[in-house]
Amino acid sequence: MLELRDIQVDFDGFKALGGVDLTVAEGELRFLIGPNGAGKTTLIDVITGLTRPTSGTVGFDGHDLVGRKEHHIVRLGVGRTFQTAVVFEELTVLENLDLAASFRKPLWSLMRQRKGVTEAVEEALSRTGLEELAERSAGVLSHGQRQWLEIGMLLAQRPRLLLLDEPVAGMSREERERTGELLTGIARDHTVIVVEHDMEFLRRYASQVTVLHEGKVLTEGSVDQVRADPRVQEVYLGRRASDAVGTGS
Amino acid sequence: MNKTDVMNKADVMKKADVMKKAIYPILVGLLVVAAPFLMDAFRLNLLAKYLCFAIVALGIGLAWGQGGMLTLGQGVFFGLGGYSMAMYLKLQEGGLPDFMVWSGVEKLPALWTPFANPVFALATAILGPMLLATLLGLLVFRQRVRGAYFAILTQALAAALVILLVGQQGLTGGTNGMTNFYDLFAWDLAEDSTQRGLYFVVAVVLALLYLGARQLVRSRYGRLLVAVRDGEDRVRFLGYDPATVKTVTFAISAGMAGLAGALFVPVVGIISPALLGVVPSLELVVAVAVGGRYALAGAVLGAVVMGYAKTAFSEQFADGWLYLQGALFILVMTLAPKGIMGVIKRARTA
Amino acid sequence: MEAFVNQLPIGLSIGAVLLLIALGLTFTFGQMGVINMAHGEFIMAGAYTAFLLPGLFVPSLVVAFFVAGAMGLVLERLAIRHFYGRPLDTLLLTWGVSLVLQQLARDLFGAPNVQVKAPDWLAGGIGILPYNRLFIMGLAIASVVGVWLYLVRTKHGRRMRAVMQNRRLAATSGIDTGRVDMLTFFIGSGLAGIAGVALTLVGPVGPSLGTYYIVDAFLVVVAGGLGQLRGAVLAAAGLGLLNSYAEFWSDASLAKVIVFAAVIAFLQFRPQGLFTVRSRALS
Ligand SMILES: Nc1ncnc2c1ncn2[C@@H]1O[C@H](COP(=O)(O)OP(=O)(O)O)[C@@H](O)[C@H]1O
Ligand SMILES: [Mg+2]
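These figures come from a predicted structure and were not determined experimentally.

Attention now goes to the overall build of chain B. Across its full length, chain B carries 15 helices and 4 strands. For 350 residues, the compact-globule formula gives about 20 Å, and the C-alpha radius of gyration of chain B, at 21 Å, lands near that figure. Overall, chain B is about 75 × 50 × 40 Å in size when its C-alpha atoms are taken along their principal axes. Within chain B, the fraction of its 350 residues that count as buried is 51%. Taking the contacts inside chain B whose residues are at least 6 apart along the sequence as the reference set, 80% of them involve residues at least 24 apart.

As structure tokens, this is what we get:
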């Protein structure tokens, strides 16, 4: 479904990505890990059109995404969240979700008053558990709720491929757990790529993992394979593997 | 909670809101209808003039307050509308327009001929500005030129247009512009009754545009516009092209300004470059800020209040007005950035 | 061909004036995101300084720098610094200030234009090059070199560049960004004062002098790219030449429309101006 070939990104001489290949099949849940600055966010930026790669191709469903505008890529069915959730604070939770769900409608039809709640919005509300907050303005949400709203907006878009950039960063233990369940639910009927840093989270919810390091794919495989790989243990945060990817705390 | 619950709750809230809020539109409506009986012809004419400015301000409120596009060149669109109407009025008199005779033009320029048709003139007054705004919007917004850059470009356009109008003496009447209009269709513009009728036309147009704009703001499109204002780059990842959203809004605001210009000419009886350059364009933005940019009603209120303030103060203190306007503006920006509407809202909730 | 050559010094000296004005703007805009509409009135203040110091042309350049700089400093301290991060609001605020300053000038010096007598040694010229225009170009070049030396050679200049590139990082590495802002504003406004004195060589002085140049100067900033010295130089020269040739070859009244269209066309290729720093942050 998604096929990256030899993606290179050069920021004024600094190689953020140095030839990345990545293939994700339909229905897969793929975790993308790697130390800070490995290029994970940059890779998502490349897929979604925010950063144009210096070279390489991004194949999605027979389309090459390189050079397309961000909103075109969304219209092809690729959605993303951001490392620090960005929601529209002046709008209510419901309005945020409704906007996310409405982009396929022609512009003039948006000029009519919204009546009721569409199915996609309702599903996003219930999946993220934000029903009670539907009429609240998004500006009053807590950090965790904002992340959920962003995931909800992503769901409301009904994309075919979901890219989540560190969805549990900064969350409390319970919040992580809820997000993990949410993610498991989503992965059941979607193709998902999750960038995640948190090792415990990874152990609990991940199956397939790709490790990025200094702009290159270091290794790929199941969680256990990756954890056992001495190279991963070596690069990961410079700590011994047993501390970082190992038994956890 | 399910779908119907969410809807019912919203419905109940809306009904209570409507009852409480209906009082203001009714009051304003009564005032507008009563105005011709409360003031003399001169004052009524002034009010009609302010209402024309209020139409421009409404467009600014939409583009700037809701959409975040600070347009400093609404005078351009106002001017296109005004000049179109003025050309029609001039051609109604028959013969060559007076200023052309004075500047030695002998034959009516080809550009002028279609303006003898009132439908063409009015359509140009509205569609011309919309077309120009669409063109500019597409060129600028697609390249993601925005914020202060956009403001500067619109200001440069206003400056350029004034110089062009002044320079094309034989076509436009130069610095003096056009004045001395006599009839609009069959009505004598000098008659009080004509002016009273014009006042009602302006008031009704403003009211309709206001209602339309409010509907737009409350629609999905309006929410989208606010989203574009607050996070244009994020909106792209919701699958929308912000350039389109902004261009459409900018074009609507330009159309409003054009229509306002077309109404202004028969009401005030003159159109000249001084009425549409950098300063008048900015003055209206200031009026919107004073009234409250985030509420459409604030834009309208600001235009009327600032119009009256300007007249009252320049009658009494002449040049003092500039100090006062400057000072007032500095104060509003520092102390009440949400303008009069913001102050009212705060007083109500406190 | 001859007309082409004759028009060259005029275009270049317009460019030089625009550059003097835009230098200050590009740094206050680039560093603080401030659009200072009162910048035009600092030009006017510089011009009136020359008017008040008849026969003292060169000293008036220095005095004008400090007069306009001080005005900028006061404006920054009293008002603008409360508006950082709200560029559009600053624009409107400073426009209010600009109105007040223009009226003040009208009350102090009268509404009609006044003439400043140019020093005798600037009369005449070599061939088609009048000395006064040559002097303005020299002044602009000297100012650019001065600003460049300041930016790369002095401690304050390096701090200024640091703040311009990344304000937060600069603040956390111990730079007093408030002080840097003050100084930037002082220098930027001071340069406007110098531009004002230069303008007295080519025309009369009036309360609305600044308004004639401010729009074009902002176009230079837009076309040059924020906080970019080389961008400002190239854009100012380009716009100056375009202005003078458009005026010469078409109708004078069409020149500004042509310049405007050219800037829009240019932005189709370089939406962020000639030179930019790449960044990926969602603004
Ligand atoms: N616009 C940019 N300009 C220069 N360097 C950048 C830019 N964006 C990212 N980088 C660099 O690219 C590298 C990869 O960044 P990123 O993809 O955010 O890493 P990760 O998400 O894995 O932590 C980092 O070293 C970062 O500093
Ligand atoms: Mg990252």
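Further notes follow.
The next point concerns the coordination of the magnesium ion (ligand 2). For the magnesium ion (ligand 2), the protein coordination sphere consists of T41 of chain A (OG1) and Q83 of chain A (OE1), at 2.0 to 2.4 Å. Taken together, the positions of T41 of chain A in helix 1 (residues 40-48) and Q83 of chain A in the loop between strand 6 (78-80) and helix 3 (93-101) put the pair 42 residues apart, joining distant regions of the chain.

Estimated volume of the second largest pocket: approximately 870 Å³. Along its surface, the second largest pocket is lined by 38 residues, and V278 and V279 of chain B together with S208, T211 and Y212 of chain C are the ones closest to its centre. Looking at the lining of the second largest pocket, the elements with two or more residues in it are helix 7 (147-167), helix 12 (278-291) and helix 14 (320-335) of chain B together with helix 4 (87-109), helix 9 (209-224) and helix 11 (252-269) of chain C. Class assignment for the residues of the lining of the second largest pocket results in 23 nonpolar, 8 polar and 7 charged.

With that out of the way, let us pick up the packing of aromatic side chains. Counted by the stated rule, this structure contains 27 aromatic pairs over all chains. Both rings, one in F99 of chain B and one in W112 of chain B, keep their centres 5.9 Å apart while their planes meet at 50°; by these two values the pair is tilted. Of the two residues, F99 of chain B sits in helix 5 (residues 98-102) while W112 of chain B sits in the loop between helix 5 and helix 6 (118-141), which places them 13 residues apart along the sequence. Judged on exposure class, the residue F99 of chain B and its partner W112 of chain B are both buried. Ring plane angle 75° and centroid distance 6.2 Å describe the contact between F141 of chain B and F250 of chain B, whose orientation is recorded as edge-to-face. With F141 of chain B in helix 6 and F250 of chain B in helix 11 (residues 242-268), this pair connects stretches of sequence that are 109 residues apart. The two residues F141 of chain B and F250 of chain B agree in class, both being buried. An aromatic cluster of three or more residues is present, and its members are F77, F141, F150 and F250 of chain B. The ring of F82 of chain A is capped by R80 of chain A, whose NZ or CZ atom sits 4.1 Å from the centre of that ring. Residue placement shows R80 of chain A over the ring face of F237 of chain B; its charged tip is 5.4 Å from the ring centre.

Turning next to the interface of chain C and chain B. With 38 residues of chain C at the contact, the number on the chain B side is 43 residues. In total, chain C and chain B occlude about 3700 Å² of area from one another, counting both sides; carbon and sulfur atoms represent 77% of this. The largest share of the area that chain C buries against chain B comes from L92, W95 and F260 of chain C, three residues that together contribute 17% of it. Connecting chain C to chain B are 1 salt bridge. In this structure, D89 of chain C engages R293 of chain B in a salt bridge whose closest nitrogen and oxygen atoms are separated by 3.0 Å. Between chain C and chain B we count 6 residue pairs in polar contact (both at pLDDT 80 or more) in total.

A contiguous patch of negative charge on the surface is contributed by D183, D188, E191 and D192 of chain B. Tracing the backbone shows D183 of chain B in strand 2 (residues 183-184).

The next point concerns the pattern of salt bridges. Residue and element names in this part refer to chain A. Inspection of the entire model under this criterion finds 36 salt bridges over all chains. For R160, the salt bridge is made with E26, and the minimal N-O distance between the two is 3.7 Å. Of this pair, R160 sits in the loop between helix 6 (143-156) and strand 7 (161-165) while E26 sits in the loop between strand 2 (14-24) and strand 3 (29-33); the two residues are 134 residues apart in sequence, bridging distant segments of the chain. On the basis of relative accessibility, which here comes to 32%, the residue R160 falls in the partly exposed class.

Right, let's talk about the nonpolar core for a bit. If you look at the biggest cluster of nonpolar residues, it comprises 254 residues, and the most contacted ones within it are F31, L149 and V209 of chain A together with W64, L153 and M178 of chain B. Ignoring anything within four residues of it in the chain, the contact list for W64 of chain B reads M69, L70, R229, V285, V288, A289 and R293 of chain B together with L88, D89 and L92 of chain C. Among the nonpolar cores identified, the runner-up in size contains 26 residues, and L22, V24, I47 and V78 of chain A belong to it.

All names here are of chain A. The sheet contact formed by strand 1 (residues 2-11) and strand 4 (residues 55-60) spans 5 bridges and is antiparallel. When the sheet's bridge partners are listed, E3 is paired in strand 4 with G59. As defined by bridge partners, strand 4 adjoins strand 5 (residues 63-64) across 2 bridges and the pair is classed as antiparallel. What sits directly across from G59, in strand 5, is D64. Following strand 4, the chain reverses through 2 residues before pairing antiparallel with strand 5; D61 in that reversal takes a positive phi of roughly 60°.

All names here are of chain C. A grouping of F4, V5, L8, L12, I128, F248 and W249 is seen on the molecular surface, where their side chains present a nonpolar patch of about 600 Å² in accessible area. Contributing elements (two or more residues each) for the nonpolar patch: helix 1 (2-32) and helix 10 (229-249). It is helix 1 that provides the largest number of residues to the nonpolar patch, a total of 4 residues. Along the chain, W249 falls in helix 10. Look at W249 and you get exposed, because its relative accessible area is 55%.

So, about helix 6 (residues 155-165) of chain C. Residue and element names in this part refer to chain C. Taken residue by residue, helix 6 has G157, M160, V163 and M164 as its buried positions. Relative to the axis of helix 6, the buried residues are bounded by an arc of 120° and lie together on one face. In helix 6, the exposed positions angled more than 90 degrees off the buried face are occupied by K155 and Q165.

This paragraph deals with helix 3 (residues 57-78) of chain C. Every α-helical turn comprises 3.6 residues, leaving residues that sit three or four positions apart pointing alike. The end-to-end C-alpha separation of helix 3 of chain C is 31 Å, in line with the 32 Å expected for 22 residues at 1.5 Å each. On its buried face, helix 3 of chain C is in contact with helix 2 (39-52), helix 4, helix 5 (131-153) and helix 8 (177-199) of chain C.

For the rest of this paragraph, the subject is the packing of helix 9 (residues 192-218) of chain B against helix 10 (residues 220-236) of chain B. Residues and elements named next belong to chain B. Relative orientation of the contacting elements helix 9 and helix 10 amounts to 70°, with a least axis distance of 4 Å. In terms of axis orientation, helix 9 runs roughly perpendicular to helix 10. Contact with helix 9, carried on its side by L216, V217 and R218, involves R220, Y221, G222 and R223 of helix 10 and no other residues of that element. Each residue belonging to the contact of helix 9 with helix 10 can be placed in one class, and the counts come to 3 nonpolar, 1 polar and 3 charged.

All right, on to the UniProt feature "transmembrane region" (unreviewed entry) in chain B then. With numbering aligned to this structure, UniProt lists the feature "transmembrane region" (unreviewed entry) at residues 21-39, 45-65, 119-141, 148-167, 197-213, 248-272, 284-309 and 321-344 of chain B. Between the end C-alpha atoms of residues 45-65 of chain B there is a gap of 28 Å, over a span that is 100% helix and 0% strand.

Counting across every chain of the model gives 2 cavities of 30 Å³ or more. Looking at the largest cavity, its volume works out to about 50 Å³. Lining of the largest cavity is provided by K69 of chain A together with F141, R142, R144, E232, R236, D241, P242 and A243 of chain B. For the lining of the largest cavity, the secondary structure elements donating two or more residues are helix 10 and helix 11 of chain B. Within the lining of the largest cavity, the residues separate by chemical class into 3 nonpolar, no polar and 6 charged. One number sums up the size of the second largest cavity: a volume of about 40 Å³. Lining the second largest cavity are T81, F82, Q147, E150, I151, D165, E166 and P167 of chain A. Ranked by the residues each element gives to the lining of the second largest cavity, the list is headed by helix 6 of chain A, at 3 residues. Residues belonging to the lining of the second largest cavity are distributed by class as follows: 3 nonpolar, 2 polar and 3 charged. Two domains each provide a minimum of three residues to the lining of the second largest cavity, namely domain 1 (1-77 + 161-249) and domain 2 (89-158) of chain A.

Thresholds, definitions, all that
Residues numbered from 1 in each chain as written. Chains lettered and ligands numbered in written order. Predicted model: local features only at pLDDT ≥ 70, side-chain atom pairs only at ≥ 80, totals over all residues. Heavy atoms only, no water. Helix = DSSP H or I, 4+ residues; strand = E, 2+ residues; numbered from the N terminus. Rg over C-alpha atoms; globule rule 2.2 N^0.38 Å. Buried < 20%, exposed > 50% of the residue type's maximum accessible area, 1.4 Å probe, protein only. Contact = heavy atoms within 4.5 Å. Donors = N, O, S within 2.8 Å, 3.2 Å for Na, K, Ca; no water. 1 Å grid on protein atoms, 1.4 Å probe; cavity = no way out; pocket = protein on both sides within 12 Å on 5 of 7 lines; lining within 4 Å. Points joined across faces, edges and corners; volume = space filled by probe spheres on them. Nonpolar A, V, L, I, M, F, W, Y, C, P; charged D, E, K, R; others polar. Phe/Tyr/Trp six-rings, centres within 6.5 Å; stacked < 30°, edge-to-face > 60°. Lys NZ or Arg CZ within 6 Å of the ring centre and 35° of its normal. Buried area = accessible area lost by both parts, 1.4 Å probe. Salt bridge = Lys/Arg side-chain N within 4 Å of Asp/Glu carboxyl O. Polar contact = N/O pair within 3.5 Å; in protein donor to acceptor, adjacent residues only side chain to side chain. Patch = residues over 30% accessible without salt bridge, like charges linked within 9 Å, V, L, I, M, F, W, Y side chains within 5 Å. Areas by Shrake-Rupley, 256 points an atom, 1.4 Å probe, with all protein chains shown as cover. Lys, Arg positive; Asp, Glu negative; His and termini not counted. Charge placed at Lys NZ, Arg CZ, Asp CG, Glu CD. Core = buried A, V, L, I, M, F, W, Y, C linked by side-chain atoms within 4.5 Å. Pairing = 2+ DSSP bridges. Arc of directions from axis to C-beta. Expected span 1.5 Å × (residues − 1). Axes fitted to C-alpha atoms, helices over the stretch in contact; angles between N-to-C directions. Parallel < 35°, antiparallel > 145°, perpendicular 65-115°, else oblique. UniProt positions renumbered as here; feature names shortened; annotations may be inferred. Domains from an automatic or database assignment.

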